[in-house]
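Structural overview
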Amino acid sequence: MVILKQPDEIVKARAGNRIVAEALSLLCEKIRPGITTRELDRIAEGVAEKRGAKPAFKGYRGYPYALCTSVNEEVVHGMPSERILQDGDIVGLDFGIYYQGFYGDSAITLPVGRASDEAIRLLRVTEESLYAGIREACPGNRLGDISAAVQGTVEKAGFSVVRDFVGHGIGKSLHEDPQIPNFGKKGRGIELKKGMILAIEPMVNAGTYKVKVLSDGWTVITQDGSLSAHFEHSVAITDNGPEILSKVN
Ligand code: MF3
Ligand code: CO
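Residues numbered from 1 in each chain as written. Chains lettered and ligands numbered in written order. Predicted model: local features only at pLDDT ≥ 70, side-chain atom pairs only at ≥ 80, totals over all residues. Heavy atoms only, no water.

Here the structure, examined in full by the defined rule, presents three aromatic pairs. Aromatic pair Tyr 63 and Trp 218: ring centres 4.9 Å apart, planes at 75°, arrangement edge-to-face. Of this pair, Tyr 63 sits in the loop between strand 1 (54-55) and strand 2 (67-71) while Trp 218 sits in the loop between strand 11 (211-213) and strand 12 (220-222), placing them 155 residues apart in sequence. For the pair formed by Tyr 63 and Trp 218, the shared burial category is buried. Ring plane angle 45° and centroid distance 4.6 Å describe the contact between Tyr 98 and Tyr 103, whose orientation is recorded as tilted. Ring-pair connections join several aromatic residues into one group, and the members of that group are Tyr 63, Tyr 65 and Trp 218. Above the face of the Phe 183 ring, Arg 163 is positioned so that its terminal group lies 5.3 Å from the ring centre. Geometry around Tyr 209 places Arg 163 over its ring, the cationic atom sitting 4.3 Å from the centre. (Phe/Tyr/Trp six-rings, centres within 6.5 Å; stacked < 30°, edge-to-face > 60°. Helix = DSSP H or I, 4+ residues; strand = E, 2+ residues; numbered from the N terminus. Buried < 20%, exposed > 50% of the residue type's maximum accessible area, 1.4 Å probe, protein only. Lys NZ or Arg CZ within 6 Å of the ring centre and 35° of its normal.)

Written out as C-alpha cells, the structure is:
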C-alpha cells in the first residue's frame, strides 16, 4: 500500500532529508586519499548528533553503522572499517536519518583523489540516470516511466543496472511501497500521485548487472569485479513536479 503524505508531513520529511544532504556535502569536503571509511562514518554520525537526529541505518536489521561505504566493485551496503581509501578509488556514501517521525535517505558516489576517466564517466552517467528518473516523478506519470528513464540513460552509455536491489517509497518507515526498480517499461506500473515520497536509487555497474552478497551478510559486490556506482535522492511528488528533498537549500 502506497502512503500519500500531507503537506505538513512533507515539511518534516524535508527537514530530515536536509540533514542527510548536509552530511553528504560535508563528506564531499572531507574525502581524500588516506582517510578511512570508519572516519567517514563518524563524520556522518556527528552531523546527525549535532542536529538532534537519529541515524536511520544504525540498528536497521542489525546493521552496525550510520553510513554505508561501498568502495570500487562494492555496489551497496559496504561497511565502514579501518580500510584506507586510496588515490583512484571510488566510494559510494549512503546515509539515512530519522527526524520528526520521518525518514530521509540519499547517496552519492565520489572519486578519491584522481579516478580514471572510465570511473568518472560511470559516476556521471549514474548521477544523470538518477536525474532522468527524477524528471519523470510527476503526478499522472507511471512508475515505469521512472524505471525506463533510468535504464535508458544507463544502457545508452554501455553500463548496466542492478536488478537485485531497488528504490523504495519512504516516510514513517525507511522502506515503504512502492518498490522502484531501475529497469522497466514506460507506461507500466502504478500511477504516480501528489504526496508520494520516493527514494530513487540507481545502482550501476560498469560490467555485468549481476551481483553477490559477501559472507558478512551486507556487502554487495559486482559478480565480475567491475566498478559500481550508486546515487540516491528522496523525492516528493508535487503539483509542480518533483521536489528533491535531500538537497541542501
Ligand atoms: N539506501 C539504502 C536503502 O534504501 C540503505 C539501507 S542500508 C541499511 O535501503 F543498512 F540500512 F540496510
Ligand atoms: Co534507499
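With that settled, consider the site of ligand 1. Taken together, Phe 57, Tyr 60, Tyr 63, Cys 68, His 77, Asp 94, Asp 105, His 168, His 175, Glu 201, Trp 218 and Glu 232 make up all the residues around ligand 1. At 3.0 Å, a side-chain N or O of Glu 201 approaches an oxygen atom of ligand 1. Summarising the interface, the protein chains cover 95% of the accessible area of ligand 1, which totals 330 Å² for the free molecule. Residue composition of the shell around ligand 1, by class: five nonpolar, three polar and four charged. (Near = heavy atom within 4 Å. Polar contact = N/O pair within 3.5 Å; in protein donor to acceptor, adjacent residues only side chain to side chain. Areas by Shrake-Rupley, 256 points an atom, 1.4 Å probe, with all protein chains shown as cover. Nonpolar A, V, L, I, M, F, W, Y, C, P; charged D, E, K, R; others polar.)

A few words on the coordination of the cobalt ion (ligand 2). Listed as protein donors to the cobalt ion (ligand 2) are Asp 105 (OD), His 168 (NE2), Glu 201 (OE) and Glu 232 (OE); their distances from the metal cover 2.1 to 2.3 Å. Geometry at the cobalt ion (ligand 2) is irregular, judged from its six donor atoms and the angles of 67 to 172° they form at the metal. When the donor residues of the cobalt ion (ligand 2) are listed from N- to C-terminus, their spacing reads D-x62-H-x32-E-x30-E. Highlighted residues: His 168 in strand 7 (residues 167-169) and Glu 232 in the loop between strand 13 (228-230) and strand 14 (233-238), separated in sequence by 64 residues. Accessibility assignment for this pair places His 168 and Glu 232 in one class, buried. (Donors = N, O, S within 2.8 Å, 3.2 Å for Na, K, Ca; no water. Tetrahedral: all angles 85-135°; square planar, octahedral: opposite > 155°, others 65-115°.)

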